[in-house]
Amino acid sequence: MKLSDVVSFLQRSDFAFSVDCDKDFEISAFSTPDNVKDNSILWIKKASNFEPDLFQRCKDVVIVTEETLPDSDNYVVLKCGRSKAVFFSILDQFFSRKYPCVIADNATVLTKNI
């Protein structure tokens with residue numbers, strides 16, 4: 001997925017958010033604040049939990065937060081209310097596996113106490 005895909009999803013979902021970024025890049029993973037990966041998305045609850053040094057070696061990271069963070073070329077801040085809900089909605093939309101539930105026409109369904 002790309003950053004523009006996330007923005008489109010949030011617009012369709014009626015989440016209030018802002019993101020100041022003029023580039024579109026690939027997001028291929030999610031990460032945690034203490035294990036930041038390139039091309040990932042992560043959630044930071046409080047600005048006090050933000051350690052800018054961890055982002056010096058990374059590029060193209062999206063940070064979902066309600067807080068104001070310093071500007072950087074290494075990450076993009078997606079600022080929103082209800083940041084936890086927004087972050088997990090993004091994960092559910094783009095990173096969850098969808099398993100089809102299919103029962104064949106000739107299947108035998110076993111139940112207890114038949």
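A brief report on the enclosed structure follows.

Calculation criteria
- Residues numbered from 1 in each chain as written.
- Predicted model: local features only at pLDDT ≥ 70, side-chain atom pairs only at ≥ 80, totals over all residues.
- Heavy atoms only, no water.
- Phe/Tyr/Trp six-rings, centres within 6.5 Å; stacked < 30°, edge-to-face > 60°.
- Helix = DSSP H or I, 4+ residues; strand = E, 2+ residues; numbered from the N terminus.
- Buried < 20%, exposed > 50% of the residue type's maximum accessible area, 1.4 Å probe, protein only.
- Salt bridge = Lys/Arg side-chain N within 4 Å of Asp/Glu carboxyl O.
- Expected span 1.5 Å × (residues − 1).
- Arc of directions from axis to C-beta.
- Contact = heavy atoms within 4.5 Å.
- Core = buried A, V, L, I, M, F, W, Y, C linked by side-chain atoms within 4.5 Å.
- Axes fitted to C-alpha atoms, helices over the stretch in contact; angles between N-to-C directions.
- Parallel < 35°, antiparallel > 145°, perpendicular 65-115°, else oblique.
- Left-handed = near helix turned anticlockwise from the far one by under 90°.
- Nonpolar A, V, L, I, M, F, W, Y, C, P; charged D, E, K, R; others polar.

### Topic: the packing of aromatic side chains
And then number 1: By the definition in use, this model includes 6 aromatic pairs.
And then number 2: For the ring pair F55 and Y75, a centre distance of 5.3 Å and an interplane angle of 65 degrees mean the geometry is edge-to-face. With F55 in the loop between strand 3 (40–43) and strand 4 (61–65) and Y75 in strand 5 (residues 75–80), the pair connects residues that are 20 residues apart, well separated along the chain.
And then number 3: Between F87 and F88 the ring centres are 5.1 Å apart and the planes differ by 80 degrees, which places this aromatic pair in the edge-to-face class.
And then number 4: Residue F87 is classed as buried on the basis of its relative accessible area of 6%.
And then number 5: Among the aromatic residues, those joined into a ring-pair cluster are F50, F55 and Y75.

### Thoughts on the pattern of salt bridges
And then number 1: This model, assessed by the stated rule, comprises 2 salt bridges.
And then number 2: One salt bridge connects D60 with K23, and the closest N-O pair in it is separated by 2.9 Å. Taken together, the positions of D60 in the loop between strand 3 and strand 4 and K23 in the loop between strand 1 (17–19) and strand 2 (29–30) put the pair 37 residues apart, joining distant regions of the chain.
And then number 3: D60 gets classed as buried once you look at its relative accessible area, which sits at 13%.

### Things to note about helix 2 (residues 83–94)
And then number 1: Taking 1.5 Å of rise per residue, the 12 residues of helix 2 would be expected to cover 16 Å, and the 16 Å separating its terminal C-alpha atoms lies within 8% of that figure.
And then number 2: Restricting attention to buried positions, one finds in helix 2 the residues S83, V86, F87, I90 and L91. Buried residues of helix 2, seen end-on, are gathered within an arc of 135 degrees and therefore sit on one face of the element.
And then number 3: On its buried face, helix 2 sits against helix 1 (3–12), strand 2, strand 3, strand 4 and strand 5.

### Digging into the nonpolar core
And then number 1: L10, I27, I41, V64, L78, V86 and I90 are the most contacted members of the largest nonpolar core, which totals 19 residues.
And then number 2: Contributions of two or more residues to this core are made by helix 1, strand 4, strand 5 and helix 2.
And then number 3: Not counting residues within four places of it along the chain, the set of residues in contact with V86 comprises L10, F15, V64, L78, C80 and G81.
And then number 4: Within the second largest apolar cluster, 11 residues are counted, among which are V36, L42, L69 and V77.

### Quick notes on the packing of helix 1 against helix 2
And then number 1: In contact at an axis separation of 11 Å, helix 1 and helix 2 are set at 110 degrees when each is read in the N-to-C sense. Judged by the angle between their axes, helix 1 and helix 2 are roughly perpendicular. Crossing of helix 1 over helix 2 shows right-handed handedness. Residues D5, V6, F9 and L10 of helix 1 touch helix 2, and the partners they reach there are V86, S89, I90, Q93 and F94.
And then number 2: Of the residues assigned to the contact of helix 1 with helix 2, the class counts are 6 nonpolar, 2 polar and 1 charged.

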